[in-house]
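This is what each chain is made of:
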Amino acid sequence: MVSFTTLVTAVAAAVSTVTASPLEALKRGIQPGTGYHDGYFYSYWTDGRGWVDFNNGPRGSYSVSWSNVNNWVGGKGWNPGPPRRIAYNGTWNNYNQNSYLALYGWTTNPLVEYYIVEAFGTWNPSTGASRLGTIEDDGGIYDIYRTRRVNQPSIIGTATFDQYWSVRRQKRVGGNIDTGKHFNEWRRQGNLQLGQWNYMVMATEGYQSSGSANIEVRSLD
Ligand SMILES: *[C@@H]1O[C@H](CO)[C@@H](O)[C@H](O)[C@H]1NC(C)=O
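Residues numbered from 1 in each chain as written. Predicted model: local features only at pLDDT ≥ 70, side-chain atom pairs only at ≥ 80, totals over all residues. Heavy atoms only, no water.

- By the naming in an unreviewed UniProt entry, the protein goes by Endo-1,4-beta-xylanase and is assigned to Remersonia thermophila.
- The Sequence similarities (unreviewed entry) field of the UniProt record for the protein holds the comment "Belongs to the glycosyl hydrolase 11 (cellulase G) family."
- Reading the Catalytic activity (unreviewed entry) entry of the UniProt record for the protein gives the comment "Endohydrolysis of (1->4)-beta-D-xylosidic linkages in xylans." (UniProt positions renumbered as here; feature names shortened; annotations may be inferred.)

Dropping the structure here:
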């Protein structure tokens, strides 16, 4: 994820390449980074390659289409993002390529990037990781994983940190997620500790792919 330096680099790259998406987004006032829109926090990050058209919509909604990106991720939610029950709905088109639809967030101390994956495209993010347990939430089974990122972009700059994962076996686009249940079960079954709540968003991510999504999230608490 994006550090300030990475962000400046991404924006500079966009300005020097007229076809790059961040410039188009800048023209509409949405630039890579974070902010608040219609009462919700949003985060939008791209490594600057390819084309991303991210638009905040009413309440907790956003629409996005992306084309030939290397990596982008964005969504709407809350900051800070303590445990809460959420509902989301909308559409997500992965064009049979590599993309995630996930409740996504960060904590600090320890620095953790976490995903509750509702659906993925061609790449299962748990590939190669060993399963630490299972969670039942809203009628579905999620498998728990941990992976490690070494010297990668994060909310505090380049760092080494763990990623915690819940991956839903039955992919879906729309439903409720009890995030506190996942956090508790990560700790109980996998000894996966979280730190101070940073942001939590209902995110779409694309990796070396094209796709589109129109997603809305709201709190049930
Ligand atoms: C989500 O559901 C609400 C209520 O039915 C609807 O008004 C809204 O348009 C939906 N949002 C999306 C992104 O589909």
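**Here's the deal with the pairing of strand 13 (residues 196-207)**
Phase 1 of the analysis: For strand 5 (residues 71-78) and strand 13, the ladder comprises eight bridges, and the chain directions are antiparallel. Bridge pairing in strand 13 places Gly75 opposite Ala203.
Phase 2 of the analysis: Sheet topology places strand 7 (residues 99-108) next to strand 13; nine bridges connect them, and they run antiparallel. Paired with Ala102 across the two strands is Ala203, which belongs to strand 13. (Pairing = 2+ DSSP bridges. Helix = DSSP H or I, 4+ residues; strand = E, 2+ residues; numbered from the N terminus.)

**Brief notes about the site of the ligand**
Phase 1 of the analysis: Contacts to the ligand come from Asn89, Gly90, Asn214 and Glu216.
Phase 2 of the analysis: Taking Asn89, its side chain carries an N or O atom lying 2.5 Å from an oxygen atom of the ligand.
Phase 3 of the analysis: Between the ligand and Glu216 there is a distance of 3.2 Å, counted from a nitrogen atom to a side-chain nitrogen or oxygen.
Phase 4 of the analysis: Summarising the interface, the protein chains cover 43% of the accessible area of the ligand, which totals 360 Å² for the free molecule.
Phase 5 of the analysis: Counting only elements with at least two residues in the shell around the ligand, the list comes to strand 6 (85-93) and strand 14 (211-219).
Phase 6 of the analysis: Looking at side-chain class alone, the shell around the ligand contains no nonpolar, three polar and one charged residues. (Near = heavy atom within 4 Å. Polar contact = N/O pair within 3.5 Å; in protein donor to acceptor, adjacent residues only side chain to side chain. Areas by Shrake-Rupley, 256 points an atom, 1.4 Å probe, with all protein chains shown as cover. Nonpolar A, V, L, I, M, F, W, Y, C, P; charged D, E, K, R; others polar.)

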